[in-house]
Amino acid sequence: MTGLVELLAREELLLLFTVILLGLALGRLEYRGLRLGMAGVLFAGLGLSAWLHPLGELELAPQIKELGLLLFVYCVGLTSGPGFFAAWRSRGLGMNLACAAALVWGALLACVAGWLFGLNRAQIAGLFCGALTNTPALGAVSGRLSGTALEAIPALAYSLTYPVGVLGALLLGRGFAKWRRDELAGEVARQAASRVAIESRSVEVTNPRALGHSIGELRVRDEFGVVVSRLRRGEVDSVPNKYTVLHAGDVITVVGTLASIQSAIEFFGRVASERLELRRDRVDMRRVLVSKREFVGLTLGELDLARRFNAQVTRLRRADLDLIPSDELRLELGDRLRVVAPVERLGELSRFLGDSEREIDVDYVALAVGLCVGLLLARVPIHLFGTSITLGTAGGPLVAALIFGRLGRTGKLMWALPYEANLSLREIGLLLFLAGVGVNAGGKLAGLMNREGLAIIAIGACVTVTTSALALVLMRRWGGAGVVAALGGTSGMQTQPATLAAAFELSQRSEETYVAYALVYPLAMIGKILIAQLLAVLA
């Protein structure tokens, strides 16, 4: 066994992938419907390091954890960017008020309980940072106490409470999801329905209110939520546009959800006896892949396919989601457009958009620039209330990625990543981060199990559970969050990637969890850094 410990201590990469392998196996184990998922890597690292600590200390280079965290939060920010700013306008204030109230409660509980158990201010500040899993706050506290006899104490308290903070938040989130499982299932079902329920029907125009008016004048897309993709007048099939005027006896094809199609049928007239989609001699459909980078970030309106090719986009598929197109919808690399156009224009249209899997690649220059900008932002000092703080590796890249994700591209730099590449980098980063945190914290736990250490752990667990529970309740009441958004927002309050990953799995990979996480993360990060320093000075 001693030889194994020496081998793992000497070969960091072997240790890293051993922990990842054990953690992924642990994460697959299920008990009463509960699984750790990727968080199993964290606990595998903690367990292995603590178990083997009497024979030798295992440690991974801190750069491994930093690299993993950098990749994870940057990819999350890119994904969340488009929805972040819209979500802020609708519920950002309520969600952030809930986050702030929960943090203040956590600080008061840590202070009062620490005083009752006879802990000093450094221990109280350290356990607060660990219970709410925030390393930048610990760094700020250590800097504040630098040169004093208390300098090393916050890190010890943090090491004791950090694993409890992660585990407590994970279990509370899963318990909340199980308690509200019917509501969660309804949210997931509605999301699933929105992915597939797009159909088409051929409709004969008979309503006098529609006759003599153009499709644009009738505001068909806005009023009924459908796209008119084909028109047959007499024996001639064509692709209509917003200027096309409808006549009695016209047969049109409408594309949308079943409910929107039914509304359109009631307005235009009646279901036609034939389906125009079956007539493909003059007008046909093709799925075209958007693979040219110059179109990323443009709206469908700016692309203007109707004027260029007499074409109509009837739906857009992004990742696993089908969307009804609108002129305001912005394109991303890898989007698949279902396009209806004259047969002779389809080839030209495909070449125009690219339609090539080989062109779907990562813009590594933009990725490197974005990561550099994020790391620079991470180190910019922010002066607040007489103290200087930074966003850290978790905050700076997230802020940069939110902005770049919203932009999509700037000139020739394409900030957005293809969906599959984003998902892969995100999960690789999370594995590296969890392995690094687990291995480096496990050894420290073994030597701190005394009466004072147990008191710190108990207080930390109370702070974690009650603060997270309060955040869940208040985000639903003040922020109007559903189960998925509440789980994502509470992960943001914790500033904890492991709980975010668990929330993502519980929501069956809903991007709403990432948007809610990003919505409260900046306030939570800055708030914890400030509160921790106040505890270190005043508690």
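All values derive from a computational prediction rather than experimental measurement.

So, how was this worked out
Residues numbered from 1 in each chain as written. Predicted model: local features only at pLDDT ≥ 70, side-chain atom pairs only at ≥ 80, totals over all residues. Heavy atoms only, no water. Helix = DSSP H or I, 4+ residues; strand = E, 2+ residues; numbered from the N terminus. Buried < 20%, exposed > 50% of the residue type's maximum accessible area, 1.4 Å probe, protein only. Contact = heavy atoms within 4.5 Å. Core = buried A, V, L, I, M, F, W, Y, C linked by side-chain atoms within 4.5 Å. Expected span 1.5 Å × (residues − 1). 1 Å grid on protein atoms, 1.4 Å probe; cavity = no way out; pocket = protein on both sides within 12 Å on 5 of 7 lines; lining within 4 Å. Points joined across faces, edges and corners; volume = space filled by probe spheres on them. Nonpolar A, V, L, I, M, F, W, Y, C, P; charged D, E, K, R; others polar. Pairing = 2+ DSSP bridges. Axes fitted to C-alpha atoms, helices over the stretch in contact; angles between N-to-C directions. Phe/Tyr/Trp six-rings, centres within 6.5 Å; stacked < 30°, edge-to-face > 60°. Lys NZ or Arg CZ within 6 Å of the ring centre and 35° of its normal.

Peer 1: I'm lost on the overall build of the protein chain in this one. Help?
Peer 2: In terms of helices and strands, the protein chain carries 21 helices and 15 strands. With the principal axes as the frame, the protein chain shows a C-alpha extent of 90 × 50 × 45 Å. Going through the 539 residues of the protein chain one by one, you find that 53% of them count as buried. Across the protein chain, contacts joining residues at least 24 apart in sequence account for 80% of those joining residues at least 6 apart.

Peer 1: Which parts of the structure should I look at to understand the nonpolar core?
Peer 2: Side chains that are nonpolar tend, in soluble globular proteins, to be buried together. Judged by nonpolar contacts, the single largest core of 100 residues is most densely connected at Leu 15, Val 19, Leu 58, Leu 127 and Met 475. Once residues within four sequence positions are removed from consideration, Leu 15 is found in contact with Leu 8, Leu 48, Leu 58, Glu 59, Leu 60 and Val 439. Counting 19 residues, the second largest nonpolar core, distinct from the first, contains Phe 295, Val 313, Leu 316 and Val 339.

Peer 1: What is the right way to read helix 21 (residues 512-538) from this model?
Peer 2: Since the α-helix turns once every 3.6 residues, residues separated by three or four places project in the same direction. With 27 residues, helix 21 should cover 39 Å at 1.5 Å per step; its first-to-last C-alpha distance of 38 Å lies within 8% of that length. With 20 of 27 residues buried, helix 21 is to be regarded as a mostly interior element.

Peer 1: What's the story with the layout of surface pockets in this structure? I'm lost.
Peer 2: Sizing a probe to match a water molecule and rolling it over the atoms shows the empty space that remains. Its volume calculated, the second largest pocket comes out at about 780 Å³. Residue lining of the second largest pocket: 26 residues in total, with Arg 221, Lys 242, Gln 312, Ser 326 and Asp 327 positioned closest to the centre. Broken down by secondary-structure element, the contributors of at least two residues to the lining of the second largest pocket are helix 9 (215-218), helix 10 (220-224), strand 4 (227-233), helix 12 (300-303), helix 13 (305-309) and strand 9 (312-318). Of the residues that constitute the lining of the second largest pocket, the class distribution is 13 nonpolar, five polar and eight charged.

Peer 1: I would appreciate a short explanation of the sheet that holds strand 6 (residues 251-256) in the present structure.
Peer 2: Pairing between sheet strands relies on hydrogen bonds along the backbone, with the strands arranged either parallel or antiparallel. Ordered by their spatial adjacency, five strands build an open sheet running 5-4-6-3-7, and the pairing between neighbours is antiparallel. Single-partner strands in this sheet number two, and they are strand 5 (236-238) and strand 7 (269-271). Sheet twist, expressed as the mean angle between neighbouring strand axes with direction ignored, is 30 degrees. Note: strand 4 against strand 5, three bridges, orientation antiparallel.

Peer 1: Looking at this structure, how should I read the packing of aromatic side chains?
Peer 2: In this description, an aromatic ring pair is defined by two values, namely the gap between the centres and the angle between the planes. Tallied over the full model, the rule gives eight aromatic pairs. Relative to Phe 268, the ring of Phe 224 lies with its centre 6.1 Å away and its plane at 50 degrees, an arrangement referred to as tilted. With Phe 224 in helix 10 and Phe 268 in helix 11 (residues 258-268), the pair connects residues that are 44 residues apart, well separated along the chain. Taking the relative accessible area as the measure of exposure, Phe 268 reaches 1% and is therefore buried. Between the aromatic rings of Phe 295 and Phe 352, the centroid separation amounts to 4.9 Å while the plane-to-plane angle is 40 degrees, which identifies the pairing as tilted. Here the residue Phe 295 occupies a position in the loop between strand 8 (283-289) and helix 12, and Phe 352 occupies one in helix 14 (residues 346-353), the gap between them amounting to 57 residues. For the pair Phe 295 and Phe 352, one class covers both residues: buried. Here the aromatic cluster, defined as three or more aromatic residues joined through ring pairs, consists of Phe 224, Phe 267 and Phe 268. Over the aromatic face of Trp 179 sits the side chain of Arg 180, whose NZ or CZ is 5.0 Å from the ring centroid.

Peer 1: I'm lost on unusual backbone geometry in this one. Help?
Peer 2: Peptide bonds are, in most cases, trans, and in most cases residues other than glycine have a negative phi. We note that Arg 219 has phi near 50 degrees; this positive angle belongs to a residue other than glycine. For Arg 219, the location among the structural elements is in the loop between helix 9 and helix 10. We classify Arg 219 as partly exposed; its relative accessible area is 43%. With a phi close to 55 degrees, Asp 304 is a non-glycine residue in the positive phi region. Its place among the elements puts Asp 304 in the loop between helix 12 and helix 13.

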